[in-house]
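Given next are the chains, with one letter for each unit.
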Amino acid sequence: MITEIRVSWWSRLLVFGLIIAIWEISSFLVTARPNPFPPPSSFLPDILENNFRIGIGSQATSVFSAISSSVLRVVIGMLIACAFGIPAGIVISETKLGKTFLLPFVQLLAPIAPIAWIPIMLAILGVGNSTAIAIVFLGVFFLFTLTITNAVSSIDKEVRDSARVMGISNLRFYRKVVVPSIMPAMISSMRINLPAAWMAVLAAEMTGLRDGLGAIVMTGRNLYDYDIIMFGVFFIAVIGLLFDVLVAHIRNRYFWW
């Protein structure tokens with residue numbers, strides 16, 4: 001059994017502060033100009049000066065809009081993966097047909113990296129929100145389904161037998177016994193798959209979308225502006241960390257069992 005390691009807010013803030021300090025100090029040692037790794041003291045004032053907008057003229061995008069777009073795509077993609085992954089995992093675990101035909105299919109597609117789906121989704125859906133959301137979905141759905149399958153299979157036989165003896169219906173059994181039993185595993189799986197979902201949406205945004213943190217990094221590359229690139233990278237890391245902290249808090253607070 002894997003024991004969850006809990007990290008305090010003070011530890012996170014301390015490490016974050018140390019990283020920023022080392023980053024700032026090391027920037028004075030870089031002789032290349034322009035500096036390919038400009039510190040926050042370099043790129044944050046520029047963003048503030050431009051009223052939190054990145055780009056040129058009518059092509060400029062709001063930083064807040066970019067962050068919200070990326071976060072929304074990840075959340076929608078993962079919620080859709082949950083909506084389909086839970087019933088799929090239950091069907092695989094509880095039925096012979098699911099074990100025979102659906103499980104090998106899921107196992108076959110689970111190892112495929114989310115980035116590998118990008119050319120296919122672009123060909124099918126074109127450049128847009130739907131493509132980014134679809135890539136997030138494909139990046140986490142199969143692994144999520146396998147987690148749910150294992151969680152349902154792990155429900156104690158005595159619990160199942162007790163529920164059956166009490167005469168509850170199949171629908172009530174799944175709603176009152178199965179779903180609460182698999183919730184901790186589901187939330188843990190979401191936390192584990194969040195980095196993959198985050199990387200998937202950023203890669204999708206770099207294919208031509210005009211908003212999102214991935215698009216900000218591509219804007220910096222196109223303008224040869226390292227300040228914009230590092231600003232995007234900085235907030236990719238920060239938002240990813242906040243995602244992880246939020247999901248961990250939800251699990252520890254509401255699904256501790």
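Quantities reported herein were computed from a predicted structural model and do not represent experimental measurements.

This brings us to the overall build of the chain. The helix and strand tally for the chain stands at 10 helices and 2 strands. Across its three principal axes, the chain shows a C-alpha extent of roughly 75 × 45 × 30 Å. Counting every position in the chain, which comprises 257 residues, the buried fraction comes to 42%. The long-range share in the chain, meaning contacts at least 24 apart out of those at least 6 apart in sequence, stands at 70%. With the model as given, the accessible surface of the chain reaches about 14800 Å², and the carbon-plus-sulfur share is 70%. Taking the average place of the 18 positive charges on the side chains of the chain and the average place of its 13 negative ones, the gap between the two points comes to 12 Å.

In this section: the packing of helix 6 (residues 129-153) against helix 8 (residues 170-205). Following both chains from N to C, one finds helix 6 and helix 8 inclined at 155°, their axes separated by 8 Å at the closest point. With respect to helix 8, the element helix 6 is oriented roughly antiparallel. Helix 6 and helix 8 meet at a crossing whose hand is right-handed. Every residue of helix 8 that contacts helix 6 at A132, I135, V136, V140, L143, F144, T147, I148, A151 and V152 is listed here: V178, I182, A185, M186, S189, M190, N193, A197, A200, V201 and A204.

What follows covers the pattern of salt bridges. Following the criterion strictly, the structure yields 3 salt bridges and no others. Of the charged contacts in the structure, one is a salt bridge between E205 and R73, with a shortest N-O distance of 2.8 Å. Residue E205 is located in helix 8, and its partner R73 is located in helix 3 (residues 63-94); the two are separated by 132 residues in the primary sequence. With a closest N to O distance of 2.6 Å, D211 and R73 form a salt bridge. One end of the pair, D211, is in the loop between helix 8 and helix 9 (213-222); the other, R73, is in helix 3, and 138 residues separate them in sequence. Residue classification places R73 among the buried positions, given a relative accessible area of 3%. Through salt bridges with shared partners, a single network forms among R73, E205 and D211.

For helix 10 (residues 226-254), with 29 residues, the first-to-last C-alpha span of 42 Å sits near the 42 Å given by 1.5 Å per residue. N-cap assignment for helix 10: the residue whose side-chain oxygen lies 3.0 Å from the backbone N of D227 is D225.

Any two packed helices are characterised by the angle at which their axes cross and by the distance between the axes. Their axes nearest at 10 Å, the elements helix 5 (residues 118-125) and helix 6 cross at an angle of 140°. Classified by the interaxial angle, the pair formed by helix 5 and helix 6 is oblique. Along this stretch, helix 5 crosses helix 6, giving a crossing that reads as right-handed. The segment helix 5 lies against helix 6, with I118, M121, L122 and L125 engaging S130, T131, A134, I135 and L138. Residue composition of the contact of helix 5 with helix 6, by class: 7 nonpolar, 2 polar and no charged.

V74, F142, W198 and L213 are the most contacted members of the largest nonpolar core, which totals 68 residues. By residue number, the principal contributor to this core is helix 8, which donates 16 residues. Sequence-distant contacts of F142, defined by excluding residues within four places in its chain, comprise F105, V106, L109, A110 and W117.

With that out of the way, let us pick up unusual backbone geometry. Positive phi is not limited to glycine here, since Y224 has a value of about 55°. Residue classification places Y224 among the exposed positions, given a relative accessible area of 71%.

What follows covers a nonpolar patch on the surface. A surface patch of nonpolar side chains, about 320 Å² in accessible area, is lined by L14, L18 and I22. Judged by its relative accessible area of 57%, I22 is exposed.

Counted according to the given criterion, the structure contains 12 aromatic pairs. Aromatic pair F43 and F231: ring centres 6.1 Å apart, planes at 80°, arrangement edge-to-face. Remark: F231 occurs in helix 10 and F43 occurs in helix 2 (residues 40-49); sequence separation between them is 188 residues. F231 carries the same exposure label as F43, and that label is buried. On the numbers, 6.4 Å between centres and 75° between planes, the contact of F105 with F142 is edge-to-face. With F105 in helix 4 (residues 96-109) and F142 in helix 6, this residue pair connects regions lying 37 residues apart in the sequence. Judged by relative accessible area, F142 falls into the buried class, the value being 5%. In textbook terms, an aromatic cluster arises when at least three aromatic residues are bridged by ring pairs, as seen for F16, W23, F43, F231, F234 and F235.

Conventions used here
- As a convention, each chain's residues are numbered from 1 in the sequence order in which they are written.
- In keeping with the model being predicted, local features are shown solely for residues with a pLDDT of at least 70 and side-chain atom pairs are shown and tallied solely at 80 or more, while totals for entire chains, interfaces and linings include all residues.
- To obtain the side-chain values, all non-hydrogen atoms of the structure were used and water was disregarded.
- Strands are runs of DSSP state E lasting at least two residues, helices are runs of H or I lasting at least four, and both sets are numbered from the N terminus onward.
- Exposure is judged per residue with a 1.4 Å probe applied to protein chains only, and the accessible area is read against the type maximum: over 50% gives exposed, under 20% gives buried, and values in between give partly exposed.
- For this analysis, residues touch if any pair of their heavy atoms sits within 4.5 Å.
- Note on areas: these come from Shrake-Rupley sampling with a 1.4 Å probe, and a residue is covered only by the protein chains present in the view.
- His residues and chain termini do not enter the charge count, which takes Lys and Arg as positive and Asp and Glu as negative.
- A charged residue contributes its charge at one atom only: NZ of Lys, CZ of Arg, CG of Asp or CD of Glu.
- Every angle, taken between N-to-C directions, lies between 0 and 180 degrees, and every axis is a line fitted to C-alpha atoms, over only the stretch in contact when it is a helix.
- What sets the label is the angle itself: under 35 degrees gives roughly parallel, over 145 gives roughly antiparallel, 65 to 115 gives roughly perpendicular, and the rest give oblique.
- Two helices cross in a left-handed way if the nearer one is turned anticlockwise from the farther one by less than a right angle. They cross in a right-handed way if the turn is clockwise.
- Counted as salt bridges are all cases of a side-chain nitrogen of Lys or Arg within 4 Å of a carboxyl oxygen of Asp or Glu.
- Expected helix span is taken as 1.5 Å per residue step, with the number of steps being one fewer than the number of residues.
- Between N or O atoms, a polar contact is any pair within 3.5 Å; within protein, one atom must be a potential hydrogen donor and the other a potential acceptor, and residues adjacent in sequence are included only when both atoms are from side chains.
- Each residue is assigned to one of three groups, with Ala, Val, Leu, Ile, Met, Phe, Trp, Tyr, Cys and Pro labelled nonpolar, Asp, Glu, Lys and Arg labelled charged, and all others, Gly among them, labelled polar.
- Each nonpolar core is a collection of buried residues, namely Ala, Val, Leu, Ile, Met, Phe, Trp, Tyr and Cys, held together in the definition by side-chain atoms within 4.5 Å.
- Exposure above 30% relative accessible area and no salt bridge define the residues that can form patches, which grow by joining like charges within 9 Å and nonpolar side chains of Val, Leu, Ile, Met, Phe, Trp and Tyr within 5 Å.
- Under the pairing criterion, centres of Phe, Tyr and Trp rings, with the six-membered ring standing for Trp, must be within 6.5 Å; the plane angle then separates stacked pairs below 30 degrees from edge-to-face pairs above 60, leaving the rest tilted.

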